[in-house]
Amino acid sequence: MRVIGLTGGIATGKSTVSNLFKANGFPVVDADVVARDVLKKGTGGWRKVVAAFGEDILLENGEVDRPKLGQIVFTDPSKRQLLNRLLASYISYGILWEVFKLWIKGCNIIILDVPLLFEAKMDRWTNPIIVVWVDPETQLKRLMERDRTSAQDAQNRINAQMPLDEKRSKADIVIDNNGSLEDLNENFRKILDQVTKPLTWTEFWLSRQGAIVAIVSIFSGVLGCKKLVARL
């Protein structure tokens, strides 16, 4: 099984690339979706976050006001680190569970869409690693336009993440998204051959099919040994 890491920064177009993978039939495990699930009312993650940040972060229905919580953690590094510590294990478990369910279904290639891929050390689970990159000016402009926010607020959110150039230096594949949507589609098509090449032997043995072959081989070997011993 090949688990491909997909990451980038805020307003780089990573979600657009993730949707392109989905449109081309690739199963995608989205860490943002998992993170939303672990913050749902009544979950363990919800209880820990409410205990740490107070009930002021809740909406009238008891759900977490995610924009309000985001504003708090993006302007205070210590609170951002606290939130990450509180939810890290829940998110990691949720992601692994989603990957396992896809493994059970027999999926050989899975896209792991994780904004904090490197920060959460999940890059060691993935190969290759794809980083969607834009230059700093483009990132700031797109974030301001997307969220209708001030330059300072947008820059605070960008600064809260690992610099894009550092992520690019760790990538196996870089998708330059400074251009138009048509340019992005073209760049995406260029990488499909790289991510769909035949599985290596290691990847094969990690797949469901490989596990079945291994189990059958072991079972056959045991039976063969029993027959051999019986003839002696």
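Our structure is the block above this text.
A quick note: this is a predicted structure, and the numbers were derived from the prediction, not measured. (Residues numbered from 1 in each chain as written. Predicted model: local features only at pLDDT ≥ 70, side-chain atom pairs only at ≥ 80, totals over all residues. Heavy atoms only, no water.)

Visitor: Mind showing me how you'd approach the nonpolar core here?
Guide: One broad trend across soluble globular proteins is that nonpolar side chains are buried collectively. One finds Val 49, Phe 53, Leu 69 and Ile 95 to be the most contacted residues of the largest nonpolar core, which totals 34 residues. When residues of this core are assigned to their parent elements, the largest contribution, seven residues, is made by helix H5 (residues 77-105). In this view, Leu 69 contacts Leu 39, Val 49, Phe 53, Ile 57, Val 64 and Leu 83; residues no more than four positions away in its chain are not counted. The next biggest cluster of nonpolar side chains, apart from the first, holds 17 residues, and it includes Leu 20, Phe 26, Ile 173 and Phe 188. (Core = buried A, V, L, I, M, F, W, Y, C linked by side-chain atoms within 4.5 Å. Buried < 20%, exposed > 50% of the residue type's maximum accessible area, 1.4 Å probe, protein only. Helix = DSSP H or I, 4+ residues; strand = E, 2+ residues; numbered from the N terminus. Contact = heavy atoms within 4.5 Å.)

Visitor: Any chance you could explain the packing of aromatic side chains here in plain terms?
Guide: The description of an aromatic ring pair uses the distance of the two centres, along with the angle that the planes make with each other. Within the structure shown, the criterion is met by four aromatic pairs. With 5.4 Å between their ring centres and 90° between their planes, Phe 21 and Phe 26 make a pair best called edge-to-face. Of the two residues examined, Phe 21 and Phe 26, each falls in the buried class. Relative to Trp 103, the ring of Phe 100 has its centre 6.0 Å away and its plane inclined at 20°; by these criteria the two rings are stacked. Here the residue Phe 100 and the residue Trp 103 both occupy positions in helix H5, the gap between them amounting to three residues, near one helical turn. (Phe/Tyr/Trp six-rings, centres within 6.5 Å; stacked < 30°, edge-to-face > 60°.)

Visitor: What is the right way to read the sheet that holds strand S1 (residues 2-7) from this model?
Guide: Picture the strands of a sheet paired through backbone hydrogen bonds; they go either parallel or antiparallel. Spatially, S2-S3-S1-S4-S5 is the arrangement adopted by the five strands of the open sheet, whose pairing is parallel. Since the sheet does not close on itself, it has two edges, and those belong to strand S2 (28-30) and strand S5 (173-176), each with one partner. Neighbour-to-neighbour, the strand axes of this sheet turn through a mean angle of 20°, independent of strand direction. Two strands pair when backbone bridges link them, and S1 and strand S3 (residues 109-113) are joined in this way by five bridges, in the parallel orientation. In the sheet register, Arg 2 faces S3, and the bridge partner there is Ile 109. (Pairing = 2+ DSSP bridges. Axes fitted to C-alpha atoms, helices over the stretch in contact; angles between N-to-C directions.)

Visitor: Would you explain the side chain of Asp 65 in this entry?
Guide: In this fold, Asp 65 is placed in the loop between helix H3 (44-53) and helix H4 (66-74). Lys 68 provides the closest opposite charge to the buried, unpaired Asp 65, separated from it by 5.8 Å. Each residue touching Asp 65, except ones within four places of it in the same chain, is listed here: Ile 57, Leu 58 and Leu 59. (Lys, Arg positive; Asp, Glu negative; His and termini not counted. Salt bridge = Lys/Arg side-chain N within 4 Å of Asp/Glu carboxyl O.)

Visitor: Help me understand the packing of H3 against H5 in this model?
Guide: Relative orientation and spacing of two packed helices are given, respectively, by the angle between their axes and the distance between those axes. One way to put it is that H3 packs onto H5 with a least axis distance of 9 Å and a crossing angle of 160°. In terms of orientation, H3 lies roughly antiparallel with respect to H5. As for how H3 packs across H5, the hand of that crossing is right-handed. Residue-level contacts link Gly 44, Gly 45, Lys 48, Val 49, Ala 52 and Phe 53 of H3 to Lys 79, Leu 82, Leu 83, Leu 86, Leu 87 and Tyr 90 of H5. (Parallel < 35°, antiparallel > 145°, perpendicular 65-115°, else oblique. Left-handed = near helix turned anticlockwise from the far one by under 90°.)

Visitor: I'm lost on the packing of helix H1 (residues 14-23) against helix H9 (residues 181-195) in this one. Help?
Guide: Running from N to C, H1 and H9 point in directions that differ by 55°, and their axes come no closer than 11 Å. Our classification of the angle between H1 and H9 gives oblique. H1 and H9 meet at a crossing whose hand is right-handed. Facing Thr 16, Val 17, Leu 20 and Phe 21 of H1, the residues of H9 in contact are Leu 181, Leu 184, Asn 185, Phe 188, Ile 191, Leu 192 and Val 195. Of the residues that constitute the contact of H1 with H9, the class distribution is nine nonpolar, two polar and no charged. (Nonpolar A, V, L, I, M, F, W, Y, C, P; charged D, E, K, R; others polar.)

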